[in-house]
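# Overview (structure and organization)
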Amino acid sequence: MIDLETRSSGDDHLSLRLWLRLLACTNLVGARTRSRLRSEFATTMPRFDLLAQLERSPEGLRMSDLSQRLMVTGGNVTRIVDQLVDDGWVLRTASPDDRRSYTVRLTPKGRRAFTAMALRHEEWIVEMFGGLSAKERAHLYALLAKLKAHAALEGDNR
């Protein structure tokens, strides 16, 4: 598989090559995770992400909050929620204070399904990072935190 990193050369700025390496790693981990969700659970990453948001909010979330948290359109959330309602994994109810708004929450069946997926997801991620020692993972985590903080500051300075 050719990725953006393979197109860079030794003459490119190290920061650019580092960015491409991060992007290549993100794409590889994401593709493997999506593939495994499809093959083991017949589901997609958007469905997994939506279920994860609901798992963190047992009282449920409004459709607009899901859209905002997932950074997707309301139409995308509606389509995914419709599928999950059909599967019996989520329940959608009209909000008592605003009949135009709906709240979505996991059903017991949905919670069991998500728990199984989340456990496997964690195993996959641990496996993919298995080429690094615990010390290397901790060091990389700290370095990425430093990069994240600096990038956030740069964004504030614009």
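The structure we're discussing is the one just above.
Attention here is on the structure that accompanies the text. The residue numbers shown here count from 1 along each chain, following its written sequence. Only residues with pLDDT of at least 70 are given local features in this predicted model, and only at 80 or more are side-chain atom pairs given and counted; all residues enter the totals for whole chains, interfaces and linings. Neither water nor hydrogens contribute to the side-chain values; these are computed over all heavy atoms in the structure.

Leu 50, Leu 51, Leu 54, Leu 66, Val 81 and Val 90 are the most contacted members of the largest nonpolar core, which has 24 residues in total. Only DSSP runs of H or I reaching four residues or more are called helices, and only runs of E reaching two or more are called strands; each is numbered from the N terminus. Looking at this core, the elements that each hand over two or more residues are α3 (45-55), α4 (63-70), α5 (74-87), β3 (98-106) and α6 (108-128). Counting residues per element, this core draws most heavily on α3, which supplies six residues. Two residues qualify as a contact provided that any one of their heavy atoms is within 4.5 Å of a heavy atom in the partner residue. Excluding residues within four positions of it along the chain, Leu 66 makes contact with Leu 50, Gln 53, Leu 54, Leu 61, Val 77, Val 81 and Val 104. Definition used in this section: a nonpolar core is a set of buried Ala, Val, Leu, Ile, Met, Phe, Trp, Tyr and Cys residues joined via side-chain atoms within 4.5 Å. A simple rule labels every residue: compare its accessible area, found with a 1.4 Å probe on the protein chains alone, to the largest value its type can have, and call it buried under 20%, exposed over 50%, or partly exposed in between.

For the rest of this paragraph, the subject is a nonpolar patch on the surface. A patch consists of residues whose relative accessible area exceeds 30% and which take part in no salt bridge; residues with like charges are grouped when within 9 Å of each other, and nonpolar side chains (Val, Leu, Ile, Met, Phe, Trp, Tyr) when within 5 Å. Computed with the Shrake-Rupley method and a 1.4 Å probe, the accessible areas treat only the protein chains shown as cover for residues. Here, a salt bridge means any Lys or Arg side-chain nitrogen found within 4 Å of an Asp or Glu carboxyl oxygen. Taken together, Phe 129, Leu 140, Leu 144 and Leu 147 make up a surface patch of nonpolar side chains, about 300 Å² in accessible area. Within the secondary structure, Leu 140 sits in helix α7 (residues 134-156).

In this section: the sheet that holds strand β1 (residues 61-62). Any two strands are treated as partners once DSSP identifies two or more bridges connecting them. In spatial order, the strands read β1-β3-β2; together these three strands make up an open sheet with antiparallel pairing. The strands lining the two open edges of the sheet, one partner per strand, are β1 and β2 (90-95). Lying on the sheet, α3 is in contact with β1, β2 and β3; it crosses β3 at an angle near 95 degrees. Taken strand by strand, α5 contacts β2 and β3, and its axis lies near 120 degrees from that of β2. Axis definition: a line fitted to C-alpha atoms, limited for helices to the stretch in contact. Angles are taken between N-to-C directions and run from 0 to 180 degrees.

Let's shift gears to the packing of aromatic side chains. A pair of aromatic rings is counted whenever rings of Phe, Tyr or Trp (Trp by its six-membered ring) have centres within 6.5 Å, and the orientation is called stacked for planes under 30 degrees apart, edge-to-face for over 60 and tilted otherwise. Counted under the stated rule, the structure contains two aromatic pairs. Seen from their ring centres, Phe 41 and Trp 124 are 6.3 Å apart, and the 55 degrees between their planes marks the pair as tilted. Placement of Phe 41 in helix α2 (residues 14-41) and of Trp 124 in helix α6 is noted, with a sequence separation of 83 residues between them. Classification of Phe 41 as partly exposed rests on a relative accessible area of 22%. We classify Trp 124 as buried; its relative accessible area is 1%. Note on Phe 48 and Phe 114: the rings are 5.3 Å apart at their centroids and 40 degrees apart in plane angle, and the pair reads as tilted. One end of the pair, Phe 48, is in helix α3; the other, Phe 114, is in helix α6, with 66 residues separating them in the sequence. On the basis of relative accessible area, Phe 48 is assigned to the buried category, the value being 6%. Residue classification places Phe 114 among the buried residues on the basis of a relative accessible area of 6%. Note on geometry: a ring has a charge over it if NZ (lysine) or CZ (arginine) is within 6 Å of the ring centre and within 35 degrees of the ring normal. The ring of Trp 89 has Arg 47 lying over it, and the distance from NZ or CZ to the ring centre is 5.3 Å.

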